[in-house]
Amino acid sequence: MAHKKRPAHHNRSKKTGKVPLAPATKVPKTPSPSEQADGSPKPANPKAARPARNGDDSAVSSLRCYNIPDYRLERPEFRIFMSGEGSNVEYRVEGDLSAAPPPIRESKYLSRERCIEIYRWMLLNRRMEVALENLYKQGKVVGGVYFGLGQEGCSCASAYALGPDDWLGPMIRNQGAMLVRGFAARDIMRQYMAKGDSPTWGRDASSHFGDWQRRNVCAPISMLGELIGVMAGVCLGARLQGKNVAGLTYIGDGGQSTGVAYESLNFAAVQKLGLVLIVENNLWGYSTPSDMQFCVKDLAERAIAYGIPGVIVDGTDPCQVYDATHEACERARRGEGPTLIEAKMMRMKGHAIHDAAQYVPAPLFEYWRARDPITRFENYLVNDKRWLTAEGNHKLIEDVERELEADRDAAVASPMPDPETDKTHQGVYCDPSCHSIKPKYGPIVAKPRETGATGSKPVEAAVHLK
Ligand SMILES: Cc1ncc(C[n+]2csc(CCOP(=O)(O)OP(=O)(O)O)c2C)c(N)n1
Ligand SMILES: [Mg+2]
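In this numbering scheme, every chain counts its residues from 1 along its sequence in written order. The lettering of chains begins at A and the numbering of ligands begins at 1, in the order of writing. Local features in a predicted model are, by the rule used here, given only for residues with pLDDT of at least 70; side-chain atom pairs are given and counted only at 80 or more, and totals for whole chains, interfaces and linings are based on all residues.

## Observations concerning the overall build of the chain
This is how it is decided: Strands here mean DSSP runs of E at least two residues long; helices mean DSSP runs of H or I at least four residues long; both are numbered from the N terminus. Labels follow a simple rule on C-beta atoms placed from the backbone: if 20 or more others lie within 10 Å of a residue's own, it is buried; if 12 or fewer, it is exposed; otherwise it is partly exposed. Any residue pair is listed as a contact if its two C-beta atoms, each placed from the backbone, are within 7 Å.
Counting secondary structure elements, the chain contains 14 helices and nine strands. For the chain, the proportion of its 466 residues judged to be buried stands at 39%. Taking the contacts inside the chain whose residues are at least 6 apart along the sequence as the reference set, 75% of them involve residues at least 24 apart.

## What about unusual backbone geometry?
Its identity is not glycine, yet K272 carries a phi of approximately 50°, on the positive side. One can find K272 in the loop between α7 (259–271) and β5 (275–281). Owing to 23 C-beta atoms within 10 Å, K272 belongs among the buried residues under this scheme. In this model, R386 sits at a positive phi of 55°, which is unusual for a non-glycine residue. Along the chain, the position of R386 falls in the loop between α11 (373–384) and α12 (390–413). According to the C-beta neighbour criterion, R386 is exposed, with 9 such atoms within 10 Å.

## Regarding the environment of M82
Structurally, M82 can be placed in strand β1 (residues 78–83). Along the backbone, M82 and D291 are 209 residues apart, and their C-alpha atoms lie at a distance of 9.7 Å.

## Section: the environment of L388
Of note, L388 is situated in the loop between α11 and α12. Linking L388 and R112, residues 276 residues apart in sequence, is a C-alpha distance of 8.9 Å. In this view, L388 contacts I116, L381, V382 and N393; residues no more than four positions away in its chain are not counted.

## Description of the site of ligand 1
Counted only if it meets this: Put plainly, near means the residue's C-beta atom, positioned from the backbone, lies within 6 Å of the molecule or strand in question. Under the scheme applied here, ten amino acids are nonpolar (Ala, Val, Leu, Ile, Met, Phe, Trp, Tyr, Cys and Pro), four are charged (Asp, Glu, Lys and Arg), and all others, including Gly, are polar.
The local shell around ligand 1 holds 16 residues, among which L224, G252, G254, G255 and G285 are the closest. Looking at the shell around ligand 1 residue by residue, the class counts come to four nonpolar, eight polar and four charged.

## With respect to the sheet that holds strand β9 (residues 339–344)
The strands making up a sheet associate through backbone hydrogen bonding, with each pair oriented either parallel or antiparallel. We count it as follows: One requirement defines pairing of two strands: DSSP has to find at least two bridges between them. Each axis is a line fitted through C-alpha atoms, and for a helix only the stretch in contact is used; angles between axes span 0 to 180 degrees, taken between their N-to-C directions.
With parallel pairing, the five strands of this open sheet are ordered in space as β3-β4-β5-β9-β8. The outermost strands of the open sheet, each flanked by one partner alone, are β3 (167–169) and β8 (310–314). Put simply, the sheet's adjacent strands are angled 20° from each other on average, direction ignored. Here β5 pairs with β9 via six bridges, running parallel. Bridge pairing in β9 places N281 opposite K344. Docked against the sheet, helix α6 (residues 226–240) engages β3, β4 (247–252) and β5, running at close to 170° with respect to β4.

## Regarding the packing of helix α2 (residues 112–137) against helix α5 (residues 185–192)
Packed helices, taken two at a time, are described by the angle their axes make and the gap between the axes. Heads up, the rule is: Convention used here: angles under 35 degrees read as roughly parallel, angles over 145 as roughly antiparallel, angles from 65 to 115 as roughly perpendicular, and any remaining angle as oblique. Each crossing gets its hand from how the near helix is turned against the far one by less than a right angle, where anticlockwise is left-handed and clockwise is right-handed.
Between α2 and α5, the shortest axis-to-axis distance is 11 Å and the interhelical angle comes to 25°. When the axes of α2 and α5 are compared, the pair comes out roughly parallel. When you trace α2 past α5, the crossing you get is right-handed. Only A185, I188, M189 and Y192 of α5 make contact with α2, whose side of the interface consists of L124, M128, A131, L132 and L135. In the contact of α2 with α5, the residues fall into nine nonpolar, no polar and no charged.

## Some thoughts on the pairing of β8
Convention followed: Every crossover in which the path from the first strand over the helix to the second runs clockwise, viewed with the strands pointing away from the viewer, is termed right-handed.
The element β8 is largely enclosed, with a buried count of five among its five residues. In β8, alternate side chains face the same way, and those of G310, I312 and D314 on one face and V311 and V313 on the other are all buried. Across five bridges, β8 lies against β9 in parallel orientation. The partner of I312 across the bridge, within β9, is E342. For the segment spanning β8, helix α9 (residues 318–333) and β9, crossover handedness is right-handed.

## Examining the packing of α6 against α7
Contact geometry of α6 with α7 gives a least axis separation of 7 Å together with a crossing angle of 20°. With respect to their mutual orientation, α6 and α7 come out roughly parallel. Seen from above, α6 lies across α7 with left-handed handedness. Here α6 contributes E226, I228, G229, A232, C235 and L236 to the contact with α7, which in turn contributes V260, A261, S264, L265, F267, A268 and Q271. Residues of the contact of α6 with α7, tallied by class, amount to nine nonpolar, three polar and one charged.

## A short note on helix α10 (residues 362–369)
Selection criterion: Read the arc as the range of directions from the helix axis to the C-beta atoms.
Here α10 has its buried residues at L364, Y367 and W368. The buried residues of α10 occupy an angular sector of 90° when the element is viewed end-on, so they sit on one face. Residues of α10 that are exposed and angled more than 90 degrees away from the buried face: A362 and E366. If you follow the buried residues of α10, they end up packed against β2 (90–95).

## Observations concerning the nonpolar core
Applied cut-off: For the purposes of this analysis, a nonpolar core is taken to be any set of buried Ala, Val, Leu, Ile, Met, Phe, Trp, Tyr and Cys residues that are connected through C-beta atoms within 7 Å.
Grouped together as the largest cluster of nonpolar side chains are 98 residues, with contacts concentrated most on I118, C156, Y160, M231, C235, V276 and L277. The element best represented in this core is α2, accounting for ten residues. If we skip the residues at most four places from it in the chain, Y160 touches I118, W121, V180 and Y322.

Dropping the structure here:
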């Protein structure tokens, strides 16, 4: 089988098995025999002088190495290949899929209570999506339904790392993040059923809603990659009001290939904005496997090109996701700029409810089913840490189910929108009386930053604009 070669910069400690979480920094190079301790060339010794292989060793002595911390406790080695032609095209997976699933990695930050809270959100996320699937089959959902099955740990634990002043920009699979940020399951179900009391009063039938007033949530944007620039703008807006906030958003392995994704990330990097970009590498973009989407081994490596930290986590491990997001948010709040986190996992259903995902090789589903984030986190809490008793766990699951059923019933009972309001397009377009957006954190303090690229630019920009 063809393995991708592991880059030399994976630097797990042999002793602890742990990888320090550090930015994608330049690693100081051990001086070569031709250098002094400060890196400058040693005075020439004519006797020892030997021609370099290509006649010039300056390229070798200026080699730079970068670090991409990798939190994972296992690094699966398999690839997806396409075979056949025309209508007989099929994918096959090659590699070792026999390994036992890894344990959950102990969090550096999460307490028992907070782990249990995240677990509860993950359960609610999954049960709500099961309820949505059933509502769809009953013909109550208007439009499609998108699932984050297998990705609940990533959605919930990342949003859980946000502080009250931070912002969330969820995408279609991040319904768990919406729950954590304060939307009730009934809001999301009403939205899917286009009910009159849904967050968009029945004007949109899937996930295009946010809350800029109370929950600091930017609505998803369907054009993949566009939300990244908007979230960078949110961070810039807060900065102009004297506050550095974290702006967490997500992009898939497919969506990250768009130009705007990296244009926006570069803007955030140059401006040192607190963007936290989670690349949800779930191995598929519609029916295209990520092995046919890009050639780098790890998407986190792309951070190097933008001069920002890149981190890899197991997206099915909520502790890893939380720790990496927490550290990225702290960095954002210190005004140190964006972080790219690649969360590796698997989309365990089709693109949306209409897609049976028959193109996905069955062994791949089996492999990732054994890495189910909820089952593994449950096992961690109940059996490894003994933070939850079997009865406590049972009660928690029952509570979630009860809450969910009440929410589903309320959402089903909600009225459809009043057709009269639709005739006048109320609530469709924004008008001057609709709302005015006021500074949230304080008056605008648009003074130029002291360091970095924006330091001397305002004057220049003013000249250009004349
Ligand atoms: C700019 C743009 N191109 C294409 C699409 C159509 N589209 C919607 S979802 C999708 C696949 C996205 O895959 P990925 O980014 O991996 O996210 P996932 O669905 O796996 O979460 C595509 C191509 C789009 N919405 N926007
Ligand atoms: Mg994908």
